[in-house]
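# Report on the structure
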Amino acid sequence: MIIKVLGPGCTNCITLERVTREAIADLGLEATIEKVTDYATIAGYGVMSTPALVIDDQVVVSGRVPTPTALRELLNTHTG
Amino acid sequence: MSIVERVPTTRPAQVGTLAGVAAVWVGAYVLNGHLWGWLLHDAFGMDPVARLTESLHFFVYDTIKIGLLLVGIIFVVTLLRSYMSIERTRALLGGRHEGVGNVMAAGLGVVTPFCSCSAVPAFIGFVAAGVPIGVTLSFLIASPMINEIAIGLLLTMFGWQITAVYIGAGLLIAVVAGWVLGRLGVERWVEPFVFETHLGGQLIDPSARLRFDQRIQIGVEEVASILRKIWPYLLVGIGLGALIHGWVPTTFFTTYAGAGNAFGVLVAVAIGAPLYSNAAGVMPLVQVLYDKGLPMGTLLAFMMAVVALSLPEMILLRRVLKPQLLGAYVGIVASGIVAVGYLFNALLT
């Protein structure tokens, strides 16, 4: 699974990366996390509000940091 | 488990919780209005007309009052705004022509949940979807300038007339500035990579498919995140307000910056534009300066200059706008604010 955290480096983007790493560790998933900070690439995903989370090239969250529970649900539905 | 994950999931429990919280809020607001006068004057025996007492009273009373107002306003606004999204706004603006598009963009700028930290991806997203540059700029000008926190605070402190004036003036500036910039043919002053960006992926609309408890949760999170961000500005603003309230004589401001001073508005905008603060930090100052006799047009111009023109946002927008366009943007918005300041000084006196 390839997870991308989209955001130019705002506070929320850093938070999103942290909670994503925690959720992956909790669930014991195999995943690589990439940070995408380039505006053209971010906009290329159709994302207009950061931070955003992309799992296997699919945008699943945009504009906010989800709660740890919601994030685990999202990750589970994508692995299942 | 955080507070936001304890929101009840059944509708009656949600309504009950919200009603309970609202009752506590009203109680605290009313208590705050009486507590400090009693505590400082009666319990501590401080002289009610001494400068120190007046400043101290202003500081504690206003800090708590504005804090409570912010919590209430941000929560309600965020809850309502969770039904809107920038994706939906873009869909509404796509294919609109200038003119009608500018008016719609300015209006949507007020209601769409939008953080200026997302100004760049939003700009690219709008332009790539075929929204004209001038229309996009109307949105980007209106969004910070007509600020929901400012609306809420103005409404409670100065009443609906001043609030309506503020909203109307902000919309007018956003529409006219965006339209003028669009007329200038500014495409050549936009960084070329914006036009080369292709929108891939599927669009998700974050406002769709949210349950009501998730919307409450978003509201609570937003209150916490905004308060965390703005409390230093708020304390500095109220602190300055308290000092002016207690120590600066009214004649000082009416002599040097009153309605009689032809340069009052220009000076207010020149001071306000480079200042980076939040509407919540400016409002206590606006209130105390108004009490000291400063004209409302000057104060509205000052507030708009502080919130609409901020250096961090300009630095962000430089990624997509060339210096010429950025300069024109700042110049036109600043002139609009100055014009509005003079207009309302003339109308409101």
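Residues numbered from 1 in each chain as written. Chains lettered and ligands numbered in written order. Predicted model: local features only at pLDDT ≥ 70, side-chain atom pairs only at ≥ 80, totals over all residues.

### Digging into the overall build of chain A
In terms of regular secondary structure, chain A is built from three helices and four strands. The linear arrangement of helices and strands in chain A, starting from the amino end, is β-α-β-α-β-β-α. Computed over the C-alpha atoms, the radius of gyration of chain A is 11 Å, within 12% of the 12 Å expected from 2.2 N^0.38 for a compact globule of 80 residues. Structurally, chain A occupies a C-alpha span of about 30 × 25 × 15 Å along its principal axes. Within chain A, buried positions represent 38% of all 80 residues. (Helix = DSSP H or I, 4+ residues; strand = E, 2+ residues; numbered from the N terminus. Rg over C-alpha atoms; globule rule 2.2 N^0.38 Å. Buried ≥ 20, exposed ≤ 12 C-beta atoms within 10 Å, placed from the backbone.)

### Focus on the environment of T63 of chain B
Residues and elements named next belong to chain B. Looking at where T63 falls in the secondary structure, it is placed in helix α2 (residues 51-81). On the basis of neighbour count, T63 is assigned to the buried category, with 20 C-beta atoms found within 10 Å. Separated by 168 residues in sequence, T63 and W231 place their C-alpha atoms 9.8 Å apart.

### Remarks on helix α5 (residues 119-128) of chain B
Residues and elements named next belong to chain B. The buried fraction of α5 is high, at ten of ten residues. Residues of α5 that are buried: A119, V120, P121, A122, F123, I124, G125, F126, V127 and A128. Immediately beyond the C-terminal end of α5, within one or two residues, lies G130, with a positive phi of roughly 90 degrees.

### Brief notes about the interface of chain B and chain A
Taken residue by residue, the interface counts 26 residues in chain B and 19 residues in chain A. Counting only elements with at least two residues in the side of chain B that touches chain A, the list comes to α3 (86-93) and α5 of chain B. No other element matches the six residues that α5 of chain B contributes to the side of chain B that touches chain A. Looking at the side of chain B that touches chain A residue by residue, the class counts come to 15 nonpolar, seven polar and four charged. (Contact = placed C-beta atoms within 7 Å. Nonpolar A, V, L, I, M, F, W, Y, C, P; charged D, E, K, R; others polar.)

### Digging into the packing of helix α12 (residues 264-272) of chain B against helix α14 (residues 296-308) of chain B
All names here are of chain B. Two numbers describe how α12 lies on α14: the axes approach to 8 Å, and their chain directions differ by 20 degrees. Considered as vectors, α12 and α14 are oriented roughly parallel to each other. The hand of the α12/α14 crossing is right-handed. Contacts between α12 and α14 involve G264, V265, A268, V269, I271 and G272 on the former and, on the latter, G297, T298, A301, F302, A305 and V306. Looking at the contact of α12 with α14 residue by residue, the classes come out as eight nonpolar, four polar and no charged. (Axes fitted to C-alpha atoms, helices over the stretch in contact; angles between N-to-C directions. Parallel < 35°, antiparallel > 145°, perpendicular 65-115°, else oblique. Left-handed = near helix turned anticlockwise from the far one by under 90°.)

### A look at the nonpolar core
Membership of the largest hydrophobic core comes to 105 residues, with the highest contact counts inside it found for I141, L300, A301, M303, A305, V333 and I337 of chain B. Top contributing element to this core by residue count: α14 of chain B, with eleven residues. (Core = buried A, V, L, I, M, F, W, Y, C linked by C-beta atoms within 7 Å.)

### Section: the sheet that holds strand β2 (residues 32-36) of chain A
Residue and element names in this part refer to chain A. With respect to topology, four strands assemble into an open sheet ordered β2-β1-β3-β4, the strand pairing being mixed. Two strands in the sheet have a free side with no partner beyond their single neighbour: β2 and β4 (58-62). The sheet shows a mean angle of 25 degrees between the axes of neighbouring strands, taken without regard to direction. With four bridges joining them, strand β1 (residues 2-6) and strand β3 (residues 52-55) adopt antiparallel strand pairing. Each bridged residue has a counterpart across the sheet, and for L6 the counterpart in β3 is A52. This element, helix α1 (residues 11-27), spans β1, β2 and β3 of the sheet and lies at about 160 degrees to β1. (Pairing = 2+ DSSP bridges.)

### A look at the confidence of the model for chain A
For chain A, the average pLDDT comes to 86, and 99% of its residues sit at 70 or higher. Per-element confidence in chain A ranges from a low mean pLDDT of 83 for helix α3 (residues 68-79) of chain A to a high of 91 for β1 of chain A. (pLDDT = per-residue confidence, 0-100.)

### Description of the pairing of β4 of chain A
Residues and elements named next belong to chain A. With four bridges joining them, β3 and β4 adopt antiparallel strand pairing. Residue pairing across strands places A52 opposite S62, the latter belonging to β4. If you look at the hairpin formed by β3 and β4, you'll find two residues sitting between the two strands, and D56 has a positive phi there, around 45 degrees.

### Quick word on the pairing of β1 of chain A
Residue and element names in this part refer to chain A. Of all the five residues making up β1, four are buried; the element is thus mostly covered by neighbouring parts of the structure. Taken together, the five bridges between β1 and β2 define a ladder with parallel strand orientation. Bridge pairing in β2 places I2 opposite T32. A crossover links β1 with its parallel partner β2, the connecting element being α1, and its sense is right-handed. (Right-handed = clockwise from strand over helix to strand, strands pointing away.)

### Side note on the confidence of the model for chain B
Taken as a whole, chain B shows an average pLDDT of 85; of its residues, 94% reach a score of 70 or greater. On the interface metric, ipTM, the complex scores 0.83, and its pTM is 0.86.

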